[in-house]
Amino acid sequence: MSIQLNVNNAGLRDHELAFVRPQVESAFRTLTEKTGAGHEMLGWLDLPKTYDREEFARIKAAAKRIQEQSQVLVAIGIGGSYLGARAALEFVKGPFGNQLTGAGKAKGVEVYFAGSNISSDYTQNIMDIIGDRDFSVNVISKSGTTTEPAVAFRFFKQKLEEKYGKDGAKSRIYATTDAKKGALRGLAVEEGYETFVVPDNIGGRFSCLSAVGLLPMAAGGMDIDAVMKGCADACELYANPDFEKNDAMIYAALRFIMFTKGKKVEILASYEPALTMFGEWYKQLMAESEGKDNKGVFPVSANFTTDLHSIGQFIQDGSRDLFETVLWVKKANQDLFVPNDPANVDGLNFASGVAMREINEKAMKGTLLAHVDGGTPNLLITIDKRDDYNFGELVYFFWKSLAISGYLLGVNPFDQPGVEAYKKNMFALLGKPGYEDAKGALEARLGSLL
């Protein structure tokens with residue numbers, strides 16, 4: 001296992017972890033024994049042991065077919081239906097994975113993500129990027145009626161049918177949806193799309209290692225066998241009930257301690273741009289799981305050293321209601337060494353011949369010292385490198401820690417009642433059938449607000 005948790009700079013007094021240990025162990029048992037709130041949504045807990053091997057083989061076959069007949073895959077989904085896959089592809093391939101050519105290019109197709117917003121400019125940009133190239137679509141929605149992906153699917157389905165005809169288009173559309181019901185399931189059966197299942201017992205933010213995320217990952221060139229191996233090893237390790245040997249329990253304990261001490265904001269900071277989307281995935285996992293009943297640690301993410309020139313100031317000298325969790329990658333996938341400049345115009349010749357990775361590491365250590373000295377508690381999560389195995393391992397670590405953390409706070413980590421509020425208002429304002437009675441009142445309220 002490559003994940004290492006360092007708590008030396010958390011600012012803890014000697015008794016604090018021991019004090020919360022019984023509560024953490026109780027939350028761990030509640031999770032393991034599946035007796036807590038939301039227990040019906042714990043399909044992810046034993047996923048490495050229980051996932052559908054036949055569907056997994058079909059995912060790999062579909063990914064190969066996409067690679068053979070297309071240059072681009074458009075993955076359409078919102079929230080957990082896209083964040084995990086996008087985080088995975090950038091984690092492994094880097095932020096320029098779609099643009100790399102030649103020796104630097106991964107073996108998969110370019111993957112672009114649509115349906116996570118309602119921006120006409122964003123949608124048109126993807127269509128322009130595709131141009132006349134061959135492409136396929138993976139539409140991901142349990143119901144098929146979620147507004148953002150449903151709107152996007154209309155555009156890309158139309159583009160496919162215009163380019164390949166109705167019969168040709170259906171062989172390029174893959175639907176990941178409910179196993180038995182819903183608008184998308186019905187359409188897929190009627191049109192003859194190949195389908196994959198959004199599991200009933202796994203919520204969206206825990207779904208990236210199901211077909212929801214695995215098909216875009218595989219089509220994009222990732223080794224999903226290695227992803228699941230990392231997840232399986234983490235599942236086994238973090239099943240250990242020994243508090244002192246289970247870093248997922250310890251991380252959950254630390255987040256709970258921080259919350260009780262008034263540290264209501266957690267910043268997940270990384271030093272690799274390839275981890276930026278992982279930070280976005282982390283924010284959804286934490287915020288949608290814990291932000292209930294007027295409780296929860298508010299999650300934000302940052303990418304250093306870039307953000308040290310902006311929010312770094314706040315972390316150093318701002319309000320003391322936050323703590324920092326640094327996600328550090330030990331090894332660079334490739335390294336560069338600072339060239340020598342005979343004129344030394346920038347005064348950097350002292351670093352000539354030094355690896356950029358080493359400079360980045362010194363920046364991380366210098367920042368850690370500065371932030372700790374400034375009064376910001378720091379946790380450090382280290383992984384060996386950015387690869388498929390480590391992604392699967394890291395995802396499971398955060399899943400398990402978050403679930404324990406939610407039970408410690410006394411919330412159901414597996415529902416999301418607050419997400420529905422904006423949808424109801426939007427539908428009423430659009431005049432959707434069934435929402436007409438609310439439209440007038442909402443428009444009147446908006447008149448005084450806007």
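Now for a description of the structure that goes with this document. All values reported here derive from a predicted model rather than from experimental measurement. (Residues numbered from 1 in each chain as written. Predicted model: local features only at pLDDT ≥ 70, side-chain atom pairs only at ≥ 80, totals over all residues. Heavy atoms only, no water.)

### Quick notes on the pairing of strand E5 (residues 173-177)
Definition in use: A 1.4 Å probe rolled over the protein chains alone gives each residue an accessible area, and that area as a share of the maximum for its type sets the label: buried under 20%, exposed over 50%, partly exposed in between. Numbering of helices and strands runs from the N terminus, with a helix taken as a DSSP run of H or I at least four residues long and a strand as a DSSP run of E at least two residues long. DSSP calls a pair of strands paired once it identifies at least 2 bridges connecting them. When the strands point away from the viewer and the connection leading from the first strand across the helix to the second strand turns clockwise, the crossover is called right-handed.
Taken across its 5 residues, E5 has 5 buried, putting it largely inside the fold. Every second residue of E5 is oriented toward a common face, with Ile173, Ala175 and Thr177 on one face and Tyr174 and Thr176 on the other, all of them buried. Pairing geometry for strand E4 (residues 135-140) and E5, over 4 bridges, is parallel. Within E5, the residue paired with valine 139 across the bridge is alanine 175. As a crossover connection, the stretch from E4 through helix H6 (residues 147-170) into E5 is right-handed. By the bridge criterion, 4 bridges tie E5 to strand E6 (residues 194-197) in an arrangement that is parallel. If you follow threonine 177 over to E6, its bridge partner there is valine 197. Following the backbone out of E5, through helix H7 (residues 183-191) and into the adjacent parallel E6, one traces a crossover that is right-handed.

### Section: unusual backbone geometry
In this structure, threonine 305 follows phenylalanine 304 across a cis peptide bond, with omega equal to 10 degrees. Its identity as a non-glycine residue notwithstanding, asparagine 294 has a phi of 60 degrees, on the positive side. If you trace the backbone, asparagine 294 turns up in the loop between helix H11 (276-290) and strand E8 (298-303). Not every positive phi belongs to a glycine, and asparagine 344 is a case in point at roughly 50 degrees. The topology assignment puts asparagine 344 in the loop between strand E9 (322-329) and helix H13 (356-373).

### Some thoughts on the pairing of strand E7 (residues 265-270)
Taking burial as the measure, the 6 residues of E7 include 6 buried ones, the bulk of the element. With burial as the criterion, each face of E7 is covered, one bearing Val265, Ile267 and Ala269 and the other bearing Glu266, Leu268 and Ser270. Taking the sense of rotation as the criterion, the β-α-β connection linking E7, H11 and E8 turns out right-handed. In terms of strand pairing, E7 meets E9 through 6 bridges, oriented parallel. Counterpart to alanine 269 in the pairing with E9 is valine 326.

### Examining the nonpolar core
Quick note on the threshold: In this text, buried Ala, Val, Leu, Ile, Met, Phe, Trp, Tyr and Cys residues form a nonpolar core when linked through side-chain atoms within 4.5 Å. Residues count as neighbours in contact if any of their non-hydrogen atoms are within 4.5 Å of one another.
In terms of nonpolar packing, the biggest core is built from 94 residues, with Trp44, Leu209, Phe278, Trp281, Phe391, Phe398 and Trp399 touching the most fellow members. Of all the elements, helix H14 (residues 388-409) adds the most residues to this core, at 13 residues. With sequence-adjacent residues up to four places away left out, leucine 209 is seen in contact with Leu47, Leu214, Met217, Val227, Met228, Cys231, Phe391, Gly392, Val395 and Trp399.

### Comments concerning the packing of aromatic side chains
The geometry of two aromatic rings is summed up by the distance between their centres and the angle between their planes. The following threshold applies: A pair of Phe, Tyr and Trp rings is counted when the ring centres sit within 6.5 Å of each other, with Trp represented by its six-membered ring. The angle between the planes then sorts it: under 30 degrees is stacked, over 60 is edge-to-face, the rest tilted.
This model, assessed by the stated rule, comprises 25 aromatic pairs. Between tryptophan 44 and phenylalanine 206, the ring centres sit 5.1 Å apart and the planes meet at 20 degrees, which makes this aromatic pair stacked. Here tryptophan 44, found in the loop between helix H1 (16-32) and helix H2 (47-50), pairs with phenylalanine 206, found in the loop between E6 and helix H8 (211-219); they are 162 residues apart in sequence, far enough to count as distant. Overall, the relative accessible area of 0% leaves tryptophan 44 in the buried class.

### Description of the packing of helix H5 (residues 120-130) against H6
Test applied: All axes here are fitted lines through C-alpha atoms, helices being fitted over the stretch that makes contact, and every angle between N-to-C directions spans 0 to 180 degrees. By the definition adopted for this analysis, an angle is roughly parallel if under 35 degrees, roughly antiparallel if over 145, roughly perpendicular if from 65 to 115, and oblique otherwise. By definition, turning the near helix anticlockwise from the far helix through less than a right angle yields a left-handed crossing, and turning it clockwise yields a right-handed one. All amino acids are sorted into three groups, where Ala, Val, Leu, Ile, Met, Phe, Trp, Tyr, Cys and Pro are nonpolar, Asp, Glu, Lys and Arg are charged, and the leftover types, Gly among them, are polar.
The N-to-C vectors of H5 and H6 enclose an angle of 25 degrees; their axes lie 11 Å apart at closest approach. Viewed along their axes, H5 and H6 adopt a mutual orientation that is roughly parallel. For the pair H5 and H6, the sense of crossing is right-handed. Every residue of H6 that contacts H5 at Thr123, Ile126, Met127 and Ile130 is listed here: Phe155, Phe156 and Lys159. The residue makeup of the contact of H5 with H6, split by class, is 5 nonpolar, 1 polar and 1 charged.

### Here we look at the layout of surface pockets
We apply this condition: Buriedness for pockets is judged along seven lines, at least five of which must meet protein on both sides within 12 Å for an open set on the 1 Å grid over protein atoms alone, while cavities are sets there where a 1.4 Å probe fits but cannot get out, and lining residues have an atom within 4 Å of a point. Grid points are joined across faces, edges and corners, and a volume is the space filled by probe spheres set on the points.
Considering only enclosed or pocket space, the second largest pocket measures out at about 760 Å³ in volume. Along the wall of the second largest pocket there are 31 residues; nearest its centre are Glu272, Ala332, Asn333, Gln334 and Arg386. Elements that contribute at least two residues to the lining of the second largest pocket include exactly helix H4 (83-93), E9 and H13. The leading source of residues in the lining of the second largest pocket is H13, at 3 residues. When its residues are assigned to classes, the lining of the second largest pocket shows 14 nonpolar, 9 polar and 8 charged.

### Things to note about the sheet that holds strand E1 (residues 4-6)
Strand order in the open sheet formed by 5 strands is E1-E10-E9-E7-E8, and the pairing between neighbours is mixed. Each of the sheet's edge strands pairs with one partner strand only, and the pair in question is E1 and E8. Taken over all neighbouring pairs, the strand axes of this sheet differ in orientation by 20 degrees on average, direction set aside. Across 6 bridges, the pairing between E9 and strand E10 (residues 378-383) is parallel. Bridge pairing in E10 places leucine 327 opposite isoleucine 381. Where helix H10 (residues 247-260) meets the sheet, it contacts E1, E7, E9 and E10, and its direction lies at approximately 30 degrees from that of E1. With respect to the sheet, H11 is in contact with E7, E8 and E9, its orientation differing from that of E8 by roughly 175 degrees.

### Things to note about the packing of H1 against H14
In helix packing, the relevant descriptors are the interaxial angle and the interaxial distance, both defined with respect to the helix axes. One can describe the packing of H1 onto H14 by two numbers: an axis separation of 9 Å at closest approach and a directional angle of 115 degrees. The orientation of H1 relative to H14 falls into the category roughly perpendicular. In terms of crossing hand, the pair formed by H1 and H14 is right-handed. Taking contact as the criterion, the partners of Gln23, Val24, Ala27, Phe28, Thr30 and Leu31 in H1 are, on H14, Lys400, Ala403, Ile404, Tyr407 and Leu408. In terms of residue class, the contact of H1 with H14 is built from 8 nonpolar, 2 polar and 1 charged.

### Overview of the environment of proline 339
Considering the arrangement of structural elements, one finds proline 339 in the loop between E9 and H13. Taking the C-alpha atoms as reference points, proline 339 and methionine 426, 87 residues apart in sequence, are found 55 Å from one another.

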